Amino acid sequence: MGAVVGTLTMQTKQRRPTRDKTDDELEMTTVCHRPEALEQLESQTNFCKQELQILYRGFKNECPSGVVNEETFKHIYAQFFPHGGKSLCHHSCFSHWCHHIVFCFVDASMYAHYLFNAFDTTKNGSIKFKDFVMGLSILLRGTLREKLEWTFHLYDINRDGYINREEMTEIVKAIYDMMGKYTHPALKGDVPQQHVDAFFQKMDKNKDGVVTLDEFVIACQEDEIMMRSMQLFENVM
Amino acid sequence: MATGVAAWLPFARAAAIGWMPVASCPMPVAPRDHRRRQDELIVLNVSGRRFQTWRTTLDRYPDTLLGSSEKDFFYNEETKEYFFDRDPDAFRSILNFYRTGKLHYPRHECISAYDEELTFFGIIPEIIGDCCYEEYKDRKRENLERLQDDLEENKDVKLPHMNFRETMWRAFENPHTSTMALVFYYVTGFFIAISVITNVVETVPCGSTATQKDMPCGERYTVAFFCMDTACVMIFTVEYLLRLFAAPSRYRFMRSVMSIIDVVAILPYYIGLVMTNNEDVSGAFVTLRVFRVFRIFKFSRHSQGLRILGYTLKSCASELGFLLFSLTMAIIIFATVMFYAEKGSSSSKFTSIPASFWYTIVTMTTLGYGDMVPKTIAGKIFGSICSLSGVLVIALPVPVIVSNFSRIYHQNQRADKRRAQKKARMARIHLAKTGSANAFLLSKRNGLLNELLELTGANASEQKLPKSSCLLESQHHHLLHCLEKTTVCESLQIISPPSRFFLNLLTCIPLQAHEFIDEQLYEQNYLEAVMQSFPARRVSVSSRDGATPTCCGGRAKRNAALPNSARQPGPNQQSPLQELSAIHIQCADRPSHSTSRSKLNLKADDIGRLNCKGGRLTTAIVSLPSPPVLTAPDGDNLHGPPIHRPPPPSPGPSIQTTTSSANVIKVSAL
């Protein structure tokens, strides 16, 4: 019986080299990616050379291969939020609804997903340094209109040019997820919906149920609170 | 926030634009970065090897040395770099930690050196990456075991204050510590052997008597065996009670394995004593005798190998359990198969599945007694498969057990070897240390002799003794001098007021200072003094003529003649405190020949003990009660004006150097 077992194992060994070859091919494609030259990037974006250098160093440190895939992106973004995002934190809730420990789920991955899609202009599932830096250039150094356009594209999940209620609800839910959502049914769903309603109230001028880019831009420019908040991006870099 | 991704913070803040339209209230004001510092390169000079990195790299971990302002203490203004006098090789992995966020443990590095580096740079070892963490922990545990072994060696050291109970316990645990313990150890071992042999011989048929054929010896010589048994049990009981008495924690002792074995070894006897009346339970009584064989386990106190074996089995409990479990599984499977295979054949011994268990076990362990043999062809096939798989199943867990045993055994060997080497090591280290101690004495002597030579106006150039080598040494010696001078004895109080007045003239002179001396010289002194002081209480009044007070310098000792001749009984001879002290200073021709161990490492109380006991000799003396004569204390009075004193009983000798045959300058003082 030992001989039988031995011959069987030898058979499987011969089959393996062919499989290995395909594995090698796959691996060769994920080799590191180099960005364009520094001067080119400098001309295309609103950053100066030193800023680009600092950005690239941070970028390459986290992603030595030169591209960010969605998993890494989510992981990096999650690190900025309490408990690293996507974790269970428990609060004891002493309200009259629940006299027991309630679990709250902090999850930054949904919002990171939308962000990823917003940065990934080429839609190939990975962000190269150029995409990253172009996006940042708009957000930090762009004109107001450019920023608002970028935000519109962030909200417009299916890229059809309109923001409808479902998309907005998704976005708001994603933001609330980052805060930490109580899983207790009584507290779910109510508050985000109010935000969506308020948003549509503000933005949807012709009340057709969707928000177009122009409506969005005009409404935002009229919103004083928002304009004041935009100064947040003055000195990020 | 993991500071490793601090570089991405601008991105995260930029991404917050998505929250703006959703927010109903204004955002808080952002903090301004006033410094506006460009990212700069920092140079870290570690023992000459220059490492350079960005400042922001180091700032990622602000709770470490390099990330905080603590590194400013190492900043060198002239070269504009941070200088660390540490190992550059170990620093590599530390700097890589800042760069990559992962701390690796280099395998060639010594574990304690690496730990020290980590502690210095303020990094906790727990963040070592998973790739290296296991190795790190293994090495650390090994090191700890080694250190613990060394600590346990000191158990053998007799602590100064152990009461009887502790001494006894120590004697029990380490038989090598005293002769009594060794005797006890061998005696108990002997009686254990006797007891076991008795149990064995009891059952041997002793030959026939008139009444019965082939009686076992136990029944033939009942009385003899009973006496033997009683004696052994007596010894064991006494031993157990003594151990129980001496144990530091009786409860823990009673729960330990060895004590349980002891109890089980002697209990059957007592139970048997109690139960001889009752005939019904004689069957149980016989069973009890079986437990007497447990006495053989008492040998494990005497044999380290047995203990290691027991410990190995205990530590391999999981492997043994697995072995047992897999064997049981296999036995059941094969027994079932064999039973059904042999069911057809006539007069088969395989009457039931449990009956087949016996066959399976015997076959799997390749014993093959042959009392049960399969007869059908199917039975034979399955029987052979059974024996082959038996070999495999048993062979698998055994290497694990063996390697465990080997590891523990070698560890023990290493411990023994270390213990043996330790003595030699300690002796060599001590020799190296005394070199430094002797240096102090040497410098003292040199200082003294220098002053002596200057005093006598000798040509200083002839015998220019080497000065203290370096500043560090001289400062160290000064420290020891100060310690000597500090330990002034209280006998200052008993001096009479007029004497004290004179004494006050001589400032800075300690009446009695304990001093570091050579052990050898100390013994010499003691012997000499004993021989000399018994004939007469010699009061050699030290010559204070020409004595100057010198301050704490610890310089020259007064050289006064040791009057072998001057046997005047001084007025203060009754004082039992009075003593001679003689310092023997070897002459300069053999300055560096110091073979004796110095007492530099003496603790303070030892010094005290040395000096203040009666009949002991050291340097200074105690001075005395109310003499009209001012007995000058030992002091550094080589130079100085003569002090008015009441007439000394002997002509005040000036400084004389009495050289005895050994070329020794005796300095005595009273």
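Procedures and definitions
- All residue numbers refer to position in the chain's written sequence, counted from 1.
- Chain letters start at A and ligand numbers start at 1, both assigned in the order the entries are written.
- Given that this is a predicted model, residues contribute local features only at a pLDDT of at least 70 and side-chain atom pairs are listed and counted only at 80 or more, while totals for whole chains, interfaces and linings are drawn from all residues.
- For side-chain calculations, the full set of non-hydrogen atoms in the structure is used, while hydrogens and water are omitted.
- For every residue, the predictor assigns a confidence score, pLDDT, that lies between 0 and 100.
- Only DSSP runs of H or I reaching four residues or more are called helices, and only runs of E reaching two or more are called strands; each is numbered from the N terminus.
- Throughout, a contact is declared for two residues whenever any of their heavy atoms are within 4.5 Å.
- The buried area of a pairing is the accessible area, by a 1.4 Å probe, that goes missing from both parts when the two are put together, added over both.
- We call two N or O atoms a polar contact when they sit within 3.5 Å, provided that within protein one can donate a hydrogen and the other can accept it, with sequence-adjacent residues counted only if both atoms are side-chain atoms.
- Nonpolar residues are Ala, Val, Leu, Ile, Met, Phe, Trp, Tyr, Cys and Pro. Charged residues are Asp, Glu, Lys and Arg, and all others, Gly as well, are polar.
- Under the scheme applied here, a residue whose accessible area is under 20% of the maximum for its type counts as buried, over 50% as exposed, and between as partly exposed, the area being computed with a 1.4 Å probe on protein chains only.
- Axis angles are defined between N-to-C directions and span 0 to 180 degrees, where every axis is a line fitted to C-alpha atoms and, for a helix, only to the segment in contact.
- In these notes the angle categories are as follows: under 35 degrees is roughly parallel, over 145 is roughly antiparallel, 65 to 115 is roughly perpendicular, and the rest is oblique.
- Two strands qualify as a pair provided DSSP detects at least 2 bridges between them.
- What counts as a salt bridge is simple: a side-chain nitrogen of Lys or Arg found within 4 Å of a carboxyl oxygen of Asp or Glu.
- Note on aromatic contacts: the rings of Phe and Tyr and the six-membered ring of Trp form a pair at centre separations within 6.5 Å, being stacked when their planes are under 30 degrees apart, edge-to-face when over 60 apart, and tilted otherwise.
- Should the NZ of a Lys or the CZ of an Arg lie within 6 Å of a ring centre and within 35 degrees of the ring normal, that charge is described as sitting over the ring.
- Only buried residues count toward a nonpolar core, which is a set of Ala, Val, Leu, Ile, Met, Phe, Trp, Tyr and Cys residues joined through side-chain atoms within 4.5 Å.

### So, the confidence of the model for chain B
Residues and elements named next belong to chain B.
Point 1. Here chain B shows a mean pLDDT of 72. Residues at 70 or above account for 64%.
Point 2. Summarising per-element confidence for chain B, the mean pLDDT is lowest in strand 5 (residues 581-586) (39) and highest in helix 15 (residues 353-364) (93).
Point 3. Scored below 50 in pLDDT, residues 460-466 makes seven contacts in the model with residues more than four places away or belonging to other chains.
Point 4. Here residues 490-513 scores under 50 on pLDDT; set against residues more than four positions off or in separate chains, the count is 62 contacts.
Point 5. Across the interface, the model reports ipTM at 0.75; the global pTM reads 0.53.

### Points about the interface of chain B and chain A
Reports of interface size often rely on the accessible area that becomes lost once the parts have come together.
Point 1. On the chain A side, the residues contacting the 36 residues of chain B number 46 residues.
Point 2. Approximately 3,600 Å² of surface area, both sides summed, lies buried where chain B meets chain A, with 69% of it carried by carbon and sulfur atoms.
Point 3. Counting across the chain B and chain A interface gives three residue pairs in polar contact (both at pLDDT 80 or more).
Point 4. Looking at the side of chain B that touches chain A, the element that brings in the most residues is helix 1 (residues 9-15) of chain B, giving seven residues.
Point 5. Partitioning the side of chain B that touches chain A into residue classes produces 25 nonpolar, four polar and seven charged.

### Some thoughts on the environment of Gln-193 of chain A
Residues and elements named next belong to chain A.
Point 1. With respect to the helices, strands and loops of the structure, Gln-193 is situated in helix 9 (residues 190-203).
Point 2. Judged by relative accessible area, Gln-193 falls into the partly exposed class, the value being 31%.
Point 3. For the pair Gln-193 and Met-168, spaced 25 residues apart in sequence, the C-alpha separation works out to 9.4 Å.
Point 4. Non-local contacts of Gln-193, meaning those with residues more than four positions away in its chain, are made with Arg-165 and Thr-169.

### Some points on the packing of helix 13 (residues 304-315) of chain B against helix 14 (residues 317-342) of chain B
Residues and elements named next belong to chain B.
Point 1. Closest axis-to-axis distance for the helix 13/helix 14 pair is 4 Å, and the angle between their directions is 65 degrees. Considering the angle they form, helix 13 stands roughly perpendicular to helix 14. Only Ala-317, Glu-319 and Leu-320 of helix 14 make contact with helix 13, whose side of the interface consists of Leu-313, Lys-314 and Ser-315.
Point 2. When the residues that make up the contact of helix 13 with helix 14 are grouped by side-chain class, the tally is three nonpolar, one polar and two charged.

### Brief notes about unusual backbone geometry
Residue and element names in this part refer to chain A.
Point 1. For Lys-123, which is not glycine, the phi torsion reads 55 degrees and is therefore positive.
Point 2. You can see Lys-123 is positioned in the loop between helix 5 (109-119) and strand 4 (126-128).
Point 3. With a relative accessible area of 49%, Lys-123 lands in the partly exposed category.
Point 4. The phi dihedral of Arg-159 falls on the positive side, at around 55 degrees, and the residue is not glycine.

### Brief notes about the pairing of strand 1 (residues 41-46) of chain B
All names here are of chain B.
Point 1. Buried residues dominate strand 1, accounting for five of its six residues.
Point 2. Hairpin connection of strand 1 to strand 2 (residues 49-54): two residues between the antiparallel strands, including Ser-47 at a positive phi of 50 degrees.
Point 3. Looking at chain direction, strand 1 and strand 4 (residues 81-84) are connected through three bridges and run parallel. Residue pairing across strands places Val-46 opposite Phe-84, the latter belonging to strand 4.

### Some points on the pattern of salt bridges
Opposite charge on two side chains makes pairing possible when the charged atoms of those side chains draw close.
Point 1. Applying the stated criterion across every chain, the model contains 24 salt bridges over all chains.
Point 2. The salt bridge partner of Glu-70 of chain A is Lys-74 of chain A, with a shortest N-O separation of 3.6 Å. Of this pair, Glu-70 of chain A and Lys-74 of chain A both sit in helix 4 (residues 70-78), separated by four residues, roughly a single helical turn.
Point 3. Taking relative accessible area as the criterion, Glu-70 of chain A reaches 22% and is therefore assigned partly exposed.
Point 4. A single salt-bridge network, built from bridges that share partners, covers Glu-239, Arg-243, Asp-262, Lys-298 and Arg-301 of chain B.

### Brief notes about the packing of aromatic side chains
Point 1. Tallied over the entire structure, the rule returns 47 aromatic pairs over all chains.
Point 2. Taken together, a centroid distance of 4.9 Å and an interplanar angle of 85 degrees make the contact between Phe-120 of chain B and Phe-121 of chain B edge-to-face.
Point 3. Grouped by ring-pair contacts, the aromatic residues Tyr-56, Phe-59, Phe-73, Tyr-77, Tyr-111, Phe-116, Phe-119, Phe-129, Phe-132 and Trp-150 of chain A together with Phe-11 and Trp-19 of chain B constitute a single cluster.
Point 4. Directly above the ring of Tyr-82 of chain B sits Lys-71 of chain B, whose terminal nitrogen or CZ lies 5.9 Å from the centroid.

### Looking at the nonpolar core
A general tendency of soluble globular proteins is for nonpolar side chains to be buried together.
Point 1. Ranked by size, the top nonpolar core spans 61 residues in total, and within it Tyr-77 and Phe-132 of chain A carry the most contacts.
Point 2. Of the residues forming this core, the biggest block, seven residues, is contributed by helix 5 of chain A.
Point 3. Those residues in contact with Phe-132 of chain A that sit more than four places away from it in its chain are Leu-55, Phe-59, Phe-119 and Ile-127 of chain A together with Trp-8 and Phe-11 of chain B.
Point 4. Core analysis: the next-biggest nonpolar cluster, separate from the first, contains 25 residues, Val-46, Tyr-61, Leu-118 and Ile-123 of chain B among them.

### Notes on the sheet that holds strand 1 of chain B
Residues and elements named next belong to chain B.
Point 1. The mixed open sheet is built from four strands, whose spatial order is 2-1-4-3. Of all strands in the sheet, those with a lone pairing partner are strand 2 and strand 3 (75-76), marking the two edges.
Point 2. Taken together, the two bridges between strand 3 and strand 4 define a ladder with antiparallel strand orientation. The partner of Asn-76 across the bridge, within strand 4, is Glu-81.
Point 3. Relative to the sheet, helix 3 (residues 88-100) contacts strand 1 and strand 2, its axis offset from that of strand 2 by approximately 5 degrees.

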